[in-house]
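Survey of secondary and tertiary structure
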Amino acid sequence: MTIIDHTHLARLDLNLLVAFDVLLTERHVTRAAARLGLSQSAMSHNLARLRELFGDELLVRSEGGMRPTPRAQALSSQVRSALVGIQATLQASAPFDPARDERRFRVAVYDDMEIALLPPLLEHLAGLSSKVRIDVRPFAPAEVPDLLDAAELDLAIGVLGEGRAHHKRRVLCAGDIYLCLFNPCAHDPSAPMTAERYAGIPHVRISSREALEDDIDAALAKRRLKRRIAVSTPHAVSVPYLLGRLGAVATLRRSVALAAAETLGLATAEVPLMLARSAVSMLWHASHDHDPAHRWLHGEILQVARGLMPPA
């Protein structure tokens, strides 16, 4: 058990840690001051006190603003974790009412899952008269653990790993199948989608989903077939709009393809190949388990996801 030196902590203004976190986030004294509702001189005074407290410059001037020192970078995750823990403890003492309490959640979602999951989720939350705000953040899967640890992200949804020891993971879908998505004006939706027909149609390749796209090429190669790529894009969310103008086909998760087909009048067909399935999960920092608002949001997402994807 860690012994707390109460006498030492009593001499420390814990608001300085809040100032430190905001300064490291903004890397600009004026913007940090505005974020906390302080004057620029008050924030400069806080920075001076922090430099004295830690015995380091912490932030030094650079061409693009202020740059954190190695000491500040090392302290950043520790201070952020401490603040997250304090915030979670205070919030856990009060029940959460989504119709009364205003909360903002920063959620990273695979861009293809934005098509399938976000519209029904937001519709569901609106039906609850919820005052919750969802801020969708772009991300790369490899960045998620660091973003969660830095409290720059509350939740990630996508094809994610286990995270770190202090992260929690909930599988939403053990393995969604894939469908072909195409313009029915360009290709007869009643005709069988054979492997030969599938390979003969120009394809939209989603470069951010390399594992799936490579799996498609390998499965076609086993049949001595090769497809032609009409266009490659890293943005899965733009693919349905491209297909509306192109006589091409794309391969998307069943839930994503069906949502896009319903919204934009496109057609779907089963992929005539055996493709590996991947699980869709939620990942969050374990400290949020103490926050009723986070627990509520996780439950609502799980409820909506169950209606869209095969159960985990």
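Here, every reference points to the structure presented above.
Residues numbered from 1 in each chain as written. Predicted model: local features only at pLDDT ≥ 70, side-chain atom pairs only at ≥ 80, totals over all residues. Heavy atoms only, no water.

1. Observations concerning unusual backbone geometry
Positive phi is not limited to glycine here, since Arg27 has a value of about 55 degrees. Assignment of secondary structure puts Arg27 in the loop between α2 (15-26) and α3 (29-36). Residue Arg27 is classed as partly exposed on the basis of its relative accessible area, which comes to 38%. (Helix = DSSP H or I, 4+ residues; strand = E, 2+ residues; numbered from the N terminus. Buried < 20%, exposed > 50% of the residue type's maximum accessible area, 1.4 Å probe, protein only.)

2. Observations concerning the nonpolar core
Met113, Ile157, Leu172, Leu243 and Ile301 are the most contacted members of the largest nonpolar core, which totals 54 residues. The element contributing the most residues to this core is helix α13 (residues 292-306), with 7 residues. Setting aside its immediate chain neighbours within four residues, Met113 contacts Leu118, Arg253, Val256, Val280 and Met309. One finds Phe20, Leu47, Phe54 and Met66 within the second-largest nonpolar core, a separate group that totals 21 residues. (Core = buried A, V, L, I, M, F, W, Y, C linked by side-chain atoms within 4.5 Å. Contact = heavy atoms within 4.5 Å.)

3. Brief notes about empty space enclosed by the protein
Under the criterion given, the structure shown has 1 cavity of 30 Å³ or more. By volume, the largest cavity amounts to about 30 Å³. Of all the secondary structure elements, the ones that give two or more residues to the lining of the largest cavity are β3 (103-109) and α7 (118-127). Of the residues belonging to the lining of the largest cavity, the class tally is 8 nonpolar, no polar and no charged. (1 Å grid on protein atoms, 1.4 Å probe; cavity = no way out; pocket = protein on both sides within 12 Å on 5 of 7 lines; lining within 4 Å. Points joined across faces, edges and corners; volume = space filled by probe spheres on them. Nonpolar A, V, L, I, M, F, W, Y, C, P; charged D, E, K, R; others polar.)

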